[in-house]
Amino acid sequence: KLSEKNNDITGMASAYNNIGALFKDIQDTAMAKFYYNKSYETSLKGGLVQSMATAILNIGQVMNDAKNYPAALANFRKSLALTIKANEKQLTASNYGNIGNVYLKLNMVDSAEVYYNLAYNTYKELNAAEGLANSIRNIATIELKKGNLNKAEEFANEGFEMATRYNFPSSIYTSAYVLSQVYKAK
């Protein structure tokens, strides 16, 4: 309300995005999309490219959660174009990973692999440990899907070790899960 009162475009865009995140957390898809769209529109008025990209990425995540994969991909690609244009590498890497996740859900393993590798290379360039741990785990998942169990185990262990070293609980969990799937397949 204060941002609106003061016509603080940056503050409004951020607040709308945060409100959208709260609605996403309680799985109110319609309200999450409403506030993410408000964030996008406000960011567009202010020429805030990074905020625009973030809002669109978040809409993509809502669509992905709703299993509307074509809409998720469209939003992730739109966000990706903005992040590349703005040279915003962290969000670019996140978009690459999200696109890879959608392709994996669509069982388009080769396309998922391309985007996971792009995410990995970008996170490596940024020296972003959590993103790297997740990317390594994603690559392990690809190797598992392709039946390359030894490579899958190697990557999953690497992702697990990195997640443990830096204490990223959700990454530890997901890497351990991929390892369990590798061991099950073996």
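Residues numbered from 1 in each chain as written. Predicted model: local features only at pLDDT ≥ 70, side-chain atom pairs only at ≥ 80, totals over all residues. Heavy atoms only, no water.

Student: Can you walk me through the layout of surface pockets in this structure?
Tutor: Remark: the empty space left among the atoms is shown by a probe the size of a water molecule rolled over them. Put simply, the largest pocket is a space of about 630 Å³. Along the wall of the largest pocket there are 24 residues; nearest its centre are Asn101, Asn134, Arg137, Asn138 and Thr174. Those elements that provide at least two residues to the lining of the largest pocket are helix H6 (89-105), helix H7 (109-126), helix H8 (129-145) and helix H10 (169-185). (1 Å grid on protein atoms, 1.4 Å probe; cavity = no way out; pocket = protein on both sides within 12 Å on 5 of 7 lines; lining within 4 Å. Points joined across faces, edges and corners; volume = space filled by probe spheres on them. Helix = DSSP H or I, 4+ residues; strand = E, 2+ residues; numbered from the N terminus.)

Student: Which parts of the structure should I look at to understand the packing of H6 against H7?
Tutor: Helix-helix packing is described using two parameters, namely the angle between the two axes and the distance between the axes. Where H6 meets H7, the axes come as close as 8 Å, and the angle between the chain directions of the two elements is 160 degrees. Taken together, the axes of H6 and H7 lie roughly antiparallel to each other. Viewed along their axes, H6 and H7 form a crossing whose handedness is left-handed. Counted together, Lys89, Gln90, Ala93, Ser94, Tyr96, Gly97, Ile99, Gly100, Asn101, Tyr103 and Leu104 of H6 and Ser111, Ala112, Tyr115, Tyr116, Leu118, Ala119, Thr122, Tyr123, Glu125 and Leu126 of H7 form the full contact between these two elements. The residue makeup of the contact of H6 with H7, split by class, is twelve nonpolar, seven polar and two charged. (Axes fitted to C-alpha atoms, helices over the stretch in contact; angles between N-to-C directions. Parallel < 35°, antiparallel > 145°, perpendicular 65-115°, else oblique. Left-handed = near helix turned anticlockwise from the far one by under 90°. Contact = heavy atoms within 4.5 Å. Nonpolar A, V, L, I, M, F, W, Y, C, P; charged D, E, K, R; others polar.)

Student: I tried to follow helix H3 (residues 29-46) on my own but got confused; where do I start?
Tutor: Turn by turn, an α-helix covers 3.6 residues, leaving residues three or four places apart pointing in a common direction. The end-to-end C-alpha distance of H3 is 26 Å, a good match for the 26 Å that 18 residues give at a rise of 1.5 Å each. The complete set of buried residues in H3 reads Ala32, Tyr35, Tyr36, Ser39, Tyr40, Thr42 and Ser43. Along the axis of H3, the buried residues cluster in a sector spanning 170 degrees; they form a single face. Exposed residues lying more than 90 degrees from the buried face of H3 are Ala30 and Lys45. Of the surrounding secondary structure, the elements contacted by the buried residues of H3 are helix H2 (9-25), helix H4 (49-65) and helix H5 (69-85). Remark: Gly47 follows H3 within two positions and exhibits a positive phi of approximately 70 degrees. (Expected span 1.5 Å × (residues − 1). Buried < 20%, exposed > 50% of the residue type's maximum accessible area, 1.4 Å probe, protein only. Arc of directions from axis to C-beta.)

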